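Commentary on secondary and tertiary structure
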Amino acid sequence: MNIFYKPIITLSLLVIITSCKNKVDQYVTVDELNKTVFTSTDLIPDNHFLGDATCKTCHAKEHDYWKGSHHDKAMQIALDTTILGDFNNVKFTSQGITSRFFKRDNEYFVNTEGPDGKYHDYRIVYSFGVSPLQQYIVKFPNGHYQCLRTAWDTQEKKWFDLYPDFKVVHSEWLHWSRGGLNWNTMCADCHSTNVRKNYNENASSYNTKYAIINVNCEACHGPGKTHVEQAKALGSNYKFSGDLTMTSHTNPKTLVDACARCHMRREQISEFYNFEGSMLDHYFPQLIAEPIYYPDGQILDEDYVYGSFVQSKMYHNDVTCTNCHNPHSLKLKFEGNKLCAQCHLPETYDSPSHHFHTIGTESSKCINCHMTGRYYMGNDFRRDHSFRIPRPDQSLKYSTPNACTQCHTDKDNQWAWSAYIKQYGKPKKKHFSDLLLPGLRGGDDGFKHLKTLVKDTIYPEIARASAVKAMVNYNDPAVIENLLYFLDDDSPLVKGASLDILGEINTNDYNNYFLPLLKDSKRSVRVKAFFALGSLDEALVPEPYKEVYSKVKVEFETSLEVTSDFSGGKVKQGNYYLKQGNLSEAIKSYEAALKIDNLNNIIRTNLANLYYRNGEFINAEQAFKTIIQQEPEYGPTYYSYGLLLAELNRIEEAIGQMNLAIRYMPDNLRVYYNLSLLYDKIKFFDKAVETAKSGFEQAPQDESMLYILAYAYSKNNQMEKAKKMAKTLVDLYPQNTNYHTFYRQLNTIQQ
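This one's a predicted model, so the numbers in the text were calculated from it and none came from an experiment.

By the definition in use, this model includes 32 salt bridges. A salt bridge links Arg123 to Glu107; the nearest nitrogen and oxygen atoms lie 3.6 Å apart. On the criterion of sequence distance, the pair formed by Arg123 in strand 5 (residues 119-128) and Glu107 in strand 4 (residues 107-113) is long-range, its members being 16 residues apart. Judged by its relative accessible area of 37%, Arg123 falls in the partly exposed class. Taking relative accessible area as the criterion, Glu107 reaches 33% and is therefore assigned partly exposed. Put simply, Arg441 and Glu290 hold a salt bridge, and the shortest N to O gap is 3.1 Å. Separated by 151 residues along the polypeptide, Arg441 in helix 19 (residues 433-441) and Glu290 in the loop between strand 13 (283-285) and helix 10 (306-309) bring together distant segments of the chain.

Shown next, in the form of structure tokens:
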């Protein structure tokens, strides 16, 4: 559920602006800094967790609800009583791989393809989950535990492939024996109690520990030691005093955040969860972005509910998880529309006058219009918890899904929108997606829509923060100004998203904006601020910030350490080294990232560019060749490789790569620009003009295409055409003195 990776190649907008004077350059006082509360990073001893048998003595009813639940069965030792799959010498084949499930000496085994591409027998040590599927875990050397890709369908009673349409080779990170299905880092934190990953990067080993194997009572309520001691000591005089978490006294939004720890896709910040601070002191959630979400916020890839629920009106009106779900059994409190009728009057909403379907049918159920769902992991149907109204109008414009045509598969979106208007009229209130959708998809007013969304606090925090994240796609100088403004926002999500973008700028120009955020109340914001300050020499940290800087440095280094078994974690480390000007260490971090995920060619592309910057041309060339071998139709690689070859003065080879780049990404104008210059360099002036014209025809108003075509005409002695292009440049960009000079030179030559 962790999320990571930002490319080191930032957009031009991030280096256009070098200063901003909207904010007074001043430091907070030492007294203000001392108010910062640094949440403890202390580990809770395992013996403070007493187990469900102890809880049962006083909370038998709650224990009975919990027993047998998904939390109870989250992880179990592989025994006859826990294994649900058929291990009677059964074979299952998918994607050319045949796995055989069998028993030997009363133990459970699978024979399947391993990390070396060969078949081996593997002993099942744990079962994982209970319904609608059960996975199985194998122990590997160095403390690695791996989850099989083949799972047991507990409803259909059959083996199935979790990703049947996705071919994975044994050397890939996504192979079951590698990082993508590694229990230690991908699963353990949410399936057991008081987990410590304990990864040793140097040895590539784990010593993962937990207090209790499953999601026990204390996984939610915290260690029971103090609570039990107080209850025993005080007897009938005992009164709840905050010695447990997630109780009936917990306010709705705090409860949602507590559940979110495991029910969201997120980036990990702290080494382990110790029940201190808030969710944002330990994790930072995935924001709304494709391909995790549709651009209107509907679920696409797995988001584990939280990211959807906090978009909803329910969340903002203090509806919480336990209003619908029994907190111990996890089952719904009521069946059918009775669940929604707790708050929504049935005579108004559970009526044909509202839903326009026959009462008692599937079509009349609230959830089928307002909680559409998707299947994940092959057979696990999960509903979208954003509780939105169907929007066929957005489907027409942006190709997003809507509940109407998902049910009425014989109809189209125009039919659905016409029916919607007839029955309900146009939506009466503006949803955040009306602003986020055009912002994410681009367009003339996209940036304007994003600004409007971020600045209006009536909209959900996650939507506002997602709008901030999307601003990086706009080449507008006002982006920087807005991002600096958003650093003062009340929302830590908005601040964090702003820092993620600004942090990629390798400059000290904005340090006075970042330094105050070292004292932010949320650890995730402090850590992101520290990264943003990466280009600041520690010796030059202003005196009022020296102490807090040192404290946050420890938090930042911990966040890097806890994600060091992710390729994205190593990329983050590499980017930090780049901000510090340490190119050799950055290269080592990127090389380490590739060892984790050897087929990640986004990382390999950036590494190739780092090699190039460091003068390691042989390594850079080999990296580009590897990418081309693995992804022969990926145009940007040919372009980057062509630039490298041009730098090495291997012009004819560079021209060959640039032509391949045009074949695979014909809309990229920079390729035409550079290819024209390469032809010019070897005096193929006709080819230079031909190439420039091809780019110009795609974008006749583009500044770079106007210039390169004018230049190519001039070198090919087509002066009238060159003058015409240059005059257009002067007219369109009168402030650019270089164009005026170029135009005058052409006129001089003509005379």
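The rest of the description comes next.
Quick look at the nonpolar core now. Membership of the largest hydrophobic core comes to 73 residues, with the highest contact counts inside it found for Phe514 and Leu518. Leaving out residues up to four positions away in the same chain, Phe514 has contacts with Leu487, Leu499, Leu502, Ala529, Ala532 and Leu533. Ranked by size, the runner-up nonpolar core spans 59 residues in total, among them Leu678, Val689, Val730 and Tyr739.

Okay, the environment of Leu79 next. Here Leu79 shows up in the loop between strand 1 (76-77) and strand 2 (90-94). The spacing of Leu79 and Ile124 is 45 residues in sequence and 9.5 Å in space, taken between C-alpha atoms.

On the surface, a nonpolar cluster with roughly 250 Å² of combined accessible area is contributed by Tyr163, Phe166 and Leu174. Here Tyr163 is to be found in the loop between strand 9 (158-161) and helix 5 (183-186). Judged by relative accessible area, which is 33%, Tyr163 ranks as partly exposed.

What follows covers helix 36 (residues 719-732). End to end, helix 36 covers 20 Å across 14 residues, agreeing with the expected 20 Å (1.5 Å per residue, within 8%). Regarding helix 36, the residues found buried are Met719, Ala722, Lys723, Met725, Ala726, Leu729 and Val730. Seen along its axis, helix 36 keeps its buried residues to an arc of 165 degrees; they face one direction.

What follows concerns the packing of aromatic side chains. What the rule picks out here adds up to 39 aromatic pairs. When the ring centre of Phe284 is taken as origin, the NZ or CZ atom of Lys528, which lies over that ring, is 4.3 Å away. Directly above the aromatic system of Phe531 lies the positively charged group of Lys579, at a separation of 5.5 Å from the ring centroid.

With that settled, consider the side chain of Asn674. Relative to the assigned elements, Asn674 resides in helix 33 (residues 669-681). Owing to a relative accessible area of 16%, Asn674 belongs among the buried residues under this scheme. Beyond its immediate stretch of four places on either side in the chain, Asn674 contacts Tyr639, Leu643 and Met658.

Turning to the pairing of strand 9, a few remarks are in order. Looking along a regular strand, one sees the side chains alternate between the two faces of the sheet. Across four bridges, strand 8 (residues 150-153) lies against strand 9 in antiparallel orientation. Residue Ala151 lies in a different strand from strand 9, and its bridge partner there is Phe160. Between strand 8 and strand 9, which follow one another and run antiparallel, lie four residues, and Lys157 among them has a positive phi close to 55 degrees.

Before going further, it helps to examine unusual backbone geometry. Here the amide bond leading from Ser131 into Pro132 is cis, since omega sits at 0 degrees, within 30 degrees of zero. Summarising the element assignment, Pro132 is placed in the loop between strand 5 and strand 6 (133-139). Between Glu290 and the following residue, Pro291, the backbone shows a cis peptide bond with an omega angle of 10 degrees. Relative to the elements of secondary structure, Pro291 occurs in the loop between strand 13 and helix 10. Here the phi dihedral of Tyr304 falls at roughly 65 degrees; this positive angle occurs in a residue that is not glycine.

Attention shifts here to the pairing of strand 2. Relative to strand 3 (residues 97-104), strand 2 runs antiparallel, the two sharing five bridges. Counted as the bridge partner of Ser94 is Ile97 from strand 3. Joining the antiparallel neighbours strand 2 and strand 3 is a turn of two residues, in which Gln95 adopts a positive phi near 55 degrees.

Take Thr637: it is sitting in helix 31 (residues 635-647). Owing to a relative accessible area of 1%, Thr637 belongs among the buried residues under this scheme. The contacts of Thr637, once residues within four sequence positions are left out, are Phe624, Ile627 and Ile628.

Relative to the assigned elements, His63 resides in helix 4 (residues 60-66). On the basis of relative accessible area, His63 is assigned to the buried category, the value being 7%. C-alpha separation for the pair His63 and Pro285, spaced 222 residues apart in sequence, amounts to 31 Å. Setting aside residues no more than four positions away along its own chain, His63 makes contact with Asp52 and Lys56.

Next up on the list: the confidence of the model for the protein. Interpreting fine coordinate detail is not advised for predicted regions of low pLDDT. On average, residues of the protein score 93 in pLDDT, and 95% of them are at 70 or above. Every residue in residues 1-34 is under pLDDT 50, and counting partners more than four places away or in other chains gives 90 contacts.

The interhelical angle for the contact between helix 31 and helix 33, taken along N-to-C directions, is 25 degrees, at an axis separation of 11 Å. Compared by their axis directions, helix 31 and helix 33 come out roughly parallel. As helix 31 packs across helix 33, the resulting crossing turns out to be left-handed. Residues Tyr639, Leu643 and Ala646 of helix 31 touch helix 33, and the partners they reach there are Arg670, Val671, Asn674 and Leu678. Looking at the contact of helix 31 with helix 33, its residues break down into five nonpolar, one polar and one charged.

With that settled, consider the packing of helix 26 (residues 546-562) against helix 27 (residues 567-579). Interaxial distance between helix 26 and helix 27 falls to 9 Å at its minimum, and their mutual angle equals 140 degrees. Taken together, the axis directions place helix 26 and helix 27 in an arrangement best described as oblique. Every residue of helix 27 that contacts helix 26 at Tyr549, Phe556 and Leu560 is listed here: Gly569, Lys572, Gln573 and Tyr576. Partitioned by chemical class, the residues of the contact of helix 26 with helix 27 number four nonpolar, two polar and one charged.

About the criteria used
Starting afresh in each chain, residues are numbered from 1 along the sequence in its written order. Only residues with pLDDT of at least 70 get local features here, since the model is predicted, and only at 80 or more are side-chain atom pairs given and counted; chain-wide, interface and lining totals rely on the full set of residues. Values shown for side chains rest on all heavy atoms present in the structure; no hydrogens or waters enter the calculation. By definition here, a salt bridge exists when the distance from a side-chain nitrogen of Lys or Arg to a carboxyl oxygen of Asp or Glu is within 4 Å. By the criteria applied, helices consist of DSSP H or I runs no shorter than four residues and strands consist of E runs no shorter than two, each listed in order from the N terminus. Each residue is assigned to one of three classes by its accessible area relative to the maximum for its type, calculated with a 1.4 Å probe on protein chains only: buried under 20%, partly exposed between the two thresholds, exposed over 50%. In this text, buried Ala, Val, Leu, Ile, Met, Phe, Trp, Tyr and Cys residues form a nonpolar core when linked through side-chain atoms within 4.5 Å. Whether two residues are in contact is decided by their heavy atoms, any of which lying within 4.5 Å being enough. Like-charged residues within 9 Å of one another, or nonpolar side chains (Val, Leu, Ile, Met, Phe, Trp, Tyr) within 5 Å, are grouped into patches, provided each residue has over 30% relative accessible area and no salt bridge. Note that accessible areas follow from Shrake-Rupley with a 1.4 Å probe, and for residues the cover is restricted to the protein chains shown. The span expected for a helix works out to 1.5 Å for each residue beyond the first. The arc under discussion is defined with respect to the helix axis, by the directions toward the C-beta atoms. Ring pairs shown here join Phe, Tyr and Trp side chains whose ring centres sit within 6.5 Å, with only the six-membered ring taken for Trp; geometry is labelled stacked below 30 degrees between planes, edge-to-face above 60, and tilted in between. Counted as over-ring charges are cases with an Arg CZ or a Lys NZ within 6 Å of the ring centre that also lie within 35 degrees of the ring normal. When DSSP locates at least two bridges between a pair of strands, those strands are taken to pair. In predicted models, pLDDT denotes the confidence assigned by the predictor to each residue on a 0 to 100 scale. To define axes, lines are fitted to C-alpha atoms, for helices over the stretch in contact only, and angles between the resulting N-to-C directions are given on a 0 to 180 degree scale. Angle categories are assigned with fixed cut-offs, so that under 35 degrees is roughly parallel, over 145 is roughly antiparallel, 65 to 115 is roughly perpendicular, and the rest are oblique. Crossings are sorted by hand: turned counterclockwise from the far helix by less than a right angle, the near helix makes the crossing left-handed, and turned clockwise it makes it right-handed. In this classification, Asp, Glu, Lys and Arg are treated as charged, Ala, Val, Leu, Ile, Met, Phe, Trp, Tyr, Cys and Pro as nonpolar, and every other residue, Gly included, as polar.

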